[in-house]
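Chain by chain, the residues run as shown.
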Amino acid sequence: DHYWSPEYPLFAADHPLFGPARRALYEQVVERIRRVSADVSAMAPHHVLHADLHLGNAKWSRGRIAVFDFDDALVGVRHHDLAISSYYLRPREELVEALFEGYASVRSLPEMTSEQFETLLAARNVLLVDELLSTESADFAALLPRFLDNSDIRQRHFLETGEFCHDLPGVVPLG
């Protein structure tokens, strides 16, 4: 499973910021992600994916877009790439719509339900939590407590409503 290995720090014991209540929340979220990811993964052929395509990993070069930073690349279904890119564009829905329109101008959009899409957005957040829990970067480690608190709010909202949102009451900007 490319996304939810039991060896990831998220499931490791004794991280000082990842106590029993937080662990229980994320176990519930990850169980839902595993179920939906398995369904989505079975729906379509697998391709090599960038798996981290956002505006920070694309630059204009000689009148064209150049994409870089392939360290997250993996084999998966197109649904994941669209959800990951959308994660970084939300809550600016006009940008998400532009992403989908641009994608559809080149290739048909993969079929997915709202539940599947929202779950893949939540999955991106969990993966970022997981990565930050194991970071050796002092700058990222300094962001971790606030990122975790924000993610808790977002994941609780996701479990309650089925919608993954960035702009919720109680979420504090990181910068």
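Quick caveat: nothing in here was measured; it's all calculated off a predicted structure.

**With respect to the overall build of the chain**
At step 1: Tallying secondary structure elements over the chain gives five helices and four strands in all.
At step 2: Each helix and strand of the chain, placed in order from N terminus to C terminus, yields the pattern α-β-β-β-β-α-α-α-α.
At step 3: The C-alpha radius of gyration of the chain comes to 16 Å, within 12% of the 16 Å expected for a compact globule of 175 residues.
At step 4: Here the C-alpha coordinates of the chain stretch approximately 45 × 35 × 30 Å along the principal axes.
At step 5: Evaluated residue by residue, the chain yields a buried proportion of 41% over its 175 residues.
At step 6: Only carbon and sulfur atoms are counted for the fraction: they give 56% of the accessible area of the chain, which is about 9,800 Å².

**Digging into the side chain of His166**
At step 1: Tracing the sequence through the fold places His166 in the segment after α5 (138-161).
At step 2: Exposure remark for His166: the relative accessible area of 12% places this residue in the buried category.
At step 3: Aside from chain neighbours lying at most four places away, what touches His166 is Tyr87, Arg90, Pro91, Arg154 and Val171.

**Examining the packing of helix α1 (residues 20-41) against α5**
At step 1: Close contact between α1 and α5 brings their axes to 10 Å; oriented N to C, the two are set at 50°. The pairing of α1 with α5 is recorded here as oblique in orientation. Between α1 and α5 the crossing geometry is left-handed. Where α1 approaches α5, its residues Arg22, Leu25, Tyr26, Gln28, Val29 and Arg32 are matched on the opposing element by Leu148, Asp149, Ser151, Asp152, Gln155, Arg156, Phe158 and Leu159.
At step 2: Considering only residue class, the contact of α1 with α5 consists of six nonpolar, three polar and five charged.

**Topic: the pairing of strand β3 (residues 64-67)**
Sheet faces and side chains relate simply in a regular strand, where the side chains alternate between the two faces.
At step 1: Bridge count between strand β2 (residues 58-61) and β3: four bridges; the pairing is antiparallel. Looking at β3, one finds that Trp60 is bridged to Ile65.
At step 2: Two successive antiparallel strands, β2 and β3, enclose a turn made up of two residues, where Arg62 displays a positive phi of approximately 55°.

**Thoughts on the layout of surface pockets**
At step 1: Estimates place the volume of the largest pocket at around 500 Å³.
At step 2: Every element with two or more residues in the lining of the largest pocket is listed here: β2, β3, α2 (78-89) and α3 (93-106).
At step 3: Residue composition of the lining of the largest pocket, grouped by class: 13 nonpolar, three polar and two charged.
At step 4: One number sums up the size of the second largest pocket: a volume of about 430 Å³.
At step 5: Lining the second largest pocket are 16 residues, with Tyr88, Leu128, Leu132, Phe147 and Leu174 positioned closest to its centre.

**Side note on unusual backbone geometry**
At step 1: The amide bond that connects Arg90 to the next residue, Pro91, takes the cis arrangement and shows omega of 10°.
At step 2: Along the chain, Pro91 falls in the loop between α2 and α3.
At step 3: One non-glycine residue, Arg62, adopts positive backbone phi at about 55°.
At step 4: Mapped onto the elements of the fold, Arg62 is located in the loop between β2 and β3.
At step 5: Backbone geometry places Asp69, a non-glycine residue, at a positive phi of 65°.
At step 6: On the secondary structure map, Asp69 appears in the loop between β3 and β4 (74-76).
At step 7: Look at Asp69 and you get partly exposed, because its relative accessible area is 29%.

Criteria and thresholds
Residues numbered from 1 in each chain as written. Predicted model: local features only at pLDDT ≥ 70, side-chain atom pairs only at ≥ 80, totals over all residues. Heavy atoms only, no water. Helix = DSSP H or I, 4+ residues; strand = E, 2+ residues; numbered from the N terminus. Rg over C-alpha atoms; globule rule 2.2 N^0.38 Å. Buried < 20%, exposed > 50% of the residue type's maximum accessible area, 1.4 Å probe, protein only. Areas by Shrake-Rupley, 256 points an atom, 1.4 Å probe, with all protein chains shown as cover. Contact = heavy atoms within 4.5 Å. Axes fitted to C-alpha atoms, helices over the stretch in contact; angles between N-to-C directions. Parallel < 35°, antiparallel > 145°, perpendicular 65-115°, else oblique. Left-handed = near helix turned anticlockwise from the far one by under 90°. Nonpolar A, V, L, I, M, F, W, Y, C, P; charged D, E, K, R; others polar. Pairing = 2+ DSSP bridges. 1 Å grid on protein atoms, 1.4 Å probe; cavity = no way out; pocket = protein on both sides within 12 Å on 5 of 7 lines; lining within 4 Å. Points joined across faces, edges and corners; volume = space filled by probe spheres on them.

As far as function goes, none of this settles anything; it's purely spatial.
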